[in-house]
Amino acid sequence: MQAWTHTKSGHPSHILKLSDVTKPSLKSPTDVLIQVSHVALHPGASIFMQLCPFIFRGTPAIPETDFSGVIVEAGEDIDPSRRLYPGSEVFGSIPVKQHLSQGSGALAQYIVIDAKHIARKPSKLSLEQASGLAVSGCTALALLDKANLKQGNSVLINGASGGIGHMVVQMAKHAVGESGRITGISSGANVRMVEDLGADKVIDYQQHIPLYQHLAECYNNPRFDCVIDAFGVQELYAHCTHYLVESKPFVSVGVAFKQYTVSSLLYSVLLMLKNNVLPSFLGGGQRPHLQVGSIVTLQGLERLAKLVEEDELIVHVETLAPWRRVLVAYDKLLSRRARGKVVVEVQGTIPD
């Protein structure tokens, strides 16, 4: 079978190549063999690709974890109530341990994965859209769970048009109801998209530099009941006392890297430690900082599928790249200007 592979760390354009590799087979009675239809790229997998030393990785490594596809073969011990049979359309995510230690990745024509890491594709999404649900959707769920929003709350969402953020906007709108208010932050080009997803107001950050000053001037009274940062801008937390109600949470995915370098990673880690560990009198923040991780669980996958079926969640795909143009898809993802998800079609029904 074909797969995109790499044998060293680095930028995708420097290390990835299209290779012929051995088609995987079932290893346990709860495994499934899946013919991959679509793969959604996400920044976390790019961090592994560019920064994780190969002393910790299986080689050759196949990048990415999030996928949709069709079951080809199913192990005999899978719970029949889950209806995971050959021919079933599914979505899911390869667990990090398998991805790193075995070199297993989604950018391949076939994958083998334990059934607890997949769910049936909701009927209201295409395979293309469903590939983008797992990591971004479970992260959005974690942000909403930490935020603990109530009806009538006023919420600020940063990164509102991104892969995680566009799902957070939809979930938050349902949580706060008609009496609540969602304010999103995005570029001017994405304002209409964020409004269509449910935001009551969208701030174009390109028109307000520095953004935190604009927020302090315009949202000081009344202030927000919660800030959800789906991108990771440290300055927003550092100045949030001016626009976030006292004792209310600033919920974040962590501090975004400025660059994909070890030094940038270490700097972001130090800031995250400061935000989450240091008390305010030692230089920590003045508002509770709640950080979430991108952990995919079966419960999370099934919650996402239910939200889709209940018309509370859609997945926006801006970029759909053909199989042989994976590097173009990575250029879009790493530009940090993607609207919604960046997806690669594996089966090659769109022209190269």
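The structure this text deals with has already been given above.
One structure accompanies this document, and this report is about it. Within every chain, residues take consecutive numbers counted from 1 along the sequence as written. Where local features are concerned, this predicted model is filtered to residues with pLDDT of at least 70; where side-chain atom pairs are given and counted, the filter is 80 or more; whole-chain, interface and lining totals use all residues. Here the side-chain values reflect all heavy atoms present in the structure, with hydrogen atoms and water set aside.

**Quick word on the overall build of the protein chain**
- Only DSSP runs of H or I with at least four residues qualify as helices, and only runs of E with at least two residues qualify as strands; both kinds are numbered from the N terminus onward. If you tally the helices and strands in the protein chain, you get twelve helices and 15 strands.
- In terms of overall size, the protein chain behaves like a compact globule, its C-alpha atoms giving a radius of gyration of 20 Å where 352 residues would be expected to give roughly 20 Å.
- For the protein chain, the C-alpha atoms occupy an extent of roughly 60 × 45 × 40 Å along the three principal directions.
- Any residue under 20% of the maximum accessible area for its type is buried, any over 50% is exposed, and the rest in between are partly exposed; the area is computed with a 1.4 Å probe on protein chains only. Buried residues in the protein chain amount to 53% of all 352 residues.
- Note on contacts: a residue pair is in contact if any heavy atoms of the two residues lie within 4.5 Å. Partitioning the contacts of the protein chain with sequence separation of at least 6, the portion at a separation of at least 24 is 72%.
- Carbon and sulfur atoms provide 52% of the accessible area of the protein chain, an area that totals close to 15600 Å².
- The charge count treats Lys and Arg as positive and Asp and Glu as negative. His and the chain ends do not count. A charge is said to be at NZ when it belongs to Lys, at CZ for Arg, at CG for Asp and at CD for Glu. Across the protein chain, the mean location of the 32 positive side-chain charges is 5 Å away from that of the 31 negative side-chain charges. The size measure is the radius of gyration over C-alpha atoms, and the globule rule it meets is 2.2 Å times the number of residues to the 0.38 power. Calculation of accessible area relied on Shrake-Rupley with a 1.4 Å probe; when residues are assessed, cover is drawn exclusively from the protein chains displayed.

**Observations regarding helix 10 (residues 262–277)**
- Between the first and last residue of a helix there are one fewer steps than residues, each counted as 1.5 Å, and that sum is the expected span. Between the first and last C-alpha of helix 10 there are 22 Å, a value that for 16 residues agrees with the 22 Å anticipated at 1.5 Å per step.
- Of all the residues in helix 10, the buried ones are Ser 264, Ser 268, Leu 271, Met 272 and Asn 275. The buried residues of helix 10 occupy an angular sector of 100° when the element is viewed end-on, so they sit on one face. Exposed and facing more than 90 degrees away from the buried side of helix 10 are Val 262, Ser 263, Leu 270 and Val 277.
- Elements that come into contact with the buried residues of helix 10 comprise helix 9 (234–238) and strand 13 (289–291). This arc is taken over the directions from the axis of the helix to the C-beta atoms.

**Here we look at the sheet that holds strand 8 (residues 154–158)**
- Ordered in space as 10-9-8-11-12-13, the six strands form an open sheet in which the pairing is parallel. Looking at strand neighbours, the two that pair on one side only are strand 10 (201–204) and strand 13, the edges of this open sheet. In this sheet, adjacent strand axes meet at a mean angle of 20° when their direction is disregarded.
- Strand pairing is defined by DSSP finding a minimum of two bridges between the two strands. Sheet topology note: the strand 8/strand 11 (residues 226–229) ladder contains four bridges and is parallel. Bridge assignment links Asn 158 to a residue of strand 11, and that residue is Asp 229. In this description, a line fitted to the C-alpha atoms serves as the axis of each element, helices being fitted only across the stretch in contact, and the angle between N-to-C directions of two axes falls anywhere from 0 to 180 degrees.

**Points about the packing of aromatic side chains**
- To pair, rings of Phe, Tyr and Trp, with the six-membered ring standing in for Trp, must have centres within 6.5 Å; the planes then decide the type, stacked if under 30 degrees apart, edge-to-face if over 60, and tilted in the middle. With the rule as written, the count across this model stands at three aromatic pairs.
- With 6.4 Å between their ring centres and 70° between their planes, Trp 4 and Trp 323 make a pair best called edge-to-face. With Trp 4 in strand 1 (residues 2–5) and Trp 323 in the loop between strand 14 (317–322) and helix 12 (326–334), the pair connects residues that are 319 residues apart, well separated along the chain.
- On the basis of relative accessibility, which here comes to 7%, the residue Trp 4 falls in the buried class.
- Ring plane angle 25° and centroid distance 5.0 Å describe the contact between Tyr 219 and Phe 224, whose orientation is recorded as stacked.

**A closer look at the packing of helix 2 (residues 43–51) against helix 12**
- Contact geometry for helix 2 and helix 12: axes closest at 11 Å, N-to-C directions at 110°. The pairing of helix 2 with helix 12 is recorded here as roughly perpendicular in orientation. The segment helix 2 lies against helix 12, with Pro 43, Ser 46, Met 49 and Gln 50 engaging Tyr 330, Leu 333 and Leu 334.
- Residue classes follow a fixed rule: Ala, Val, Leu, Ile, Met, Phe, Trp, Tyr, Cys and Pro count as nonpolar, while Asp, Glu, Lys and Arg count as charged, and any other residue, Gly among them, counts as polar. Taken together, the residues that form the contact of helix 2 with helix 12 break down as five nonpolar, two polar and no charged. Between 65 and 115 degrees an angle is taken as roughly perpendicular, under 35 as roughly parallel, over 145 as roughly antiparallel, and anywhere else as oblique.

**What about the side chain of Asp 66?**
- Relative to the helices and strands, Asp 66 resides in strand 4 (residues 66–74).
- Each reported salt bridge corresponds to a side-chain nitrogen of Lys or Arg within 4 Å of a carboxyl oxygen of Asp or Glu. No salt bridge forms around the buried Asp 66; measuring N to O, its nearest opposite-charge neighbour Lys 341 is 5.3 Å away.
- Under the rule applied, a polar contact is a pair of N or O atoms within 3.5 Å (in protein, one hydrogen donor and one hydrogen acceptor; residues adjacent in sequence only if both atoms are side-chain atoms). Side-chain polar atoms of Asp 66 contact the side chain of Ser 93, separated by 2.8 Å.

**Some thoughts on the nonpolar core**
- Residues Ile 157, Met 171 and Ile 228 are the most contacted members of the largest nonpolar core, which totals 45 residues.
- Where this core is concerned, the elements lending two or more residues are helix 5 (134–147), strand 8, helix 6 (165–176), helix 7 (191–197), strand 11 and helix 11 (298–309).
- Ranked by the residues each element gives to this core, the list is headed by helix 5, at seven residues.
- Those residues within four positions of Ile 157 in sequence are excluded, and the remaining contacts are Val 168, Val 169, Ala 172, Ile 182, Thr 183, Gly 184, Ile 185 and Ile 228.
- For this analysis, a nonpolar core means a set of buried residues of the types Ala, Val, Leu, Ile, Met, Phe, Trp, Tyr and Cys, connected via side-chain atoms within 4.5 Å. Ranked by size, the runner-up nonpolar core spans 35 residues in total, among them Val 32, Val 36, Ala 106 and Ala 321.

**Here's the deal with unusual backbone geometry**
- Of the consecutive residues Ile 209 and Pro 210, the connecting peptide bond is found in the cis state with omega at 0°.
- Note that Pro 210 resides in the loop between strand 10 and helix 8 (211–218).
- Between Asn 221 and Pro 222 the backbone carries a cis peptide bond, its omega angle lying at 0°.
- Structurally, Pro 222 is set in the loop between helix 8 and strand 11.
- The backbone of Arg 83 shows a phi angle near 55°, a positive value even though the residue is not glycine.
- Non-glycine residue Asn 148 carries a positive phi angle of around 50°.

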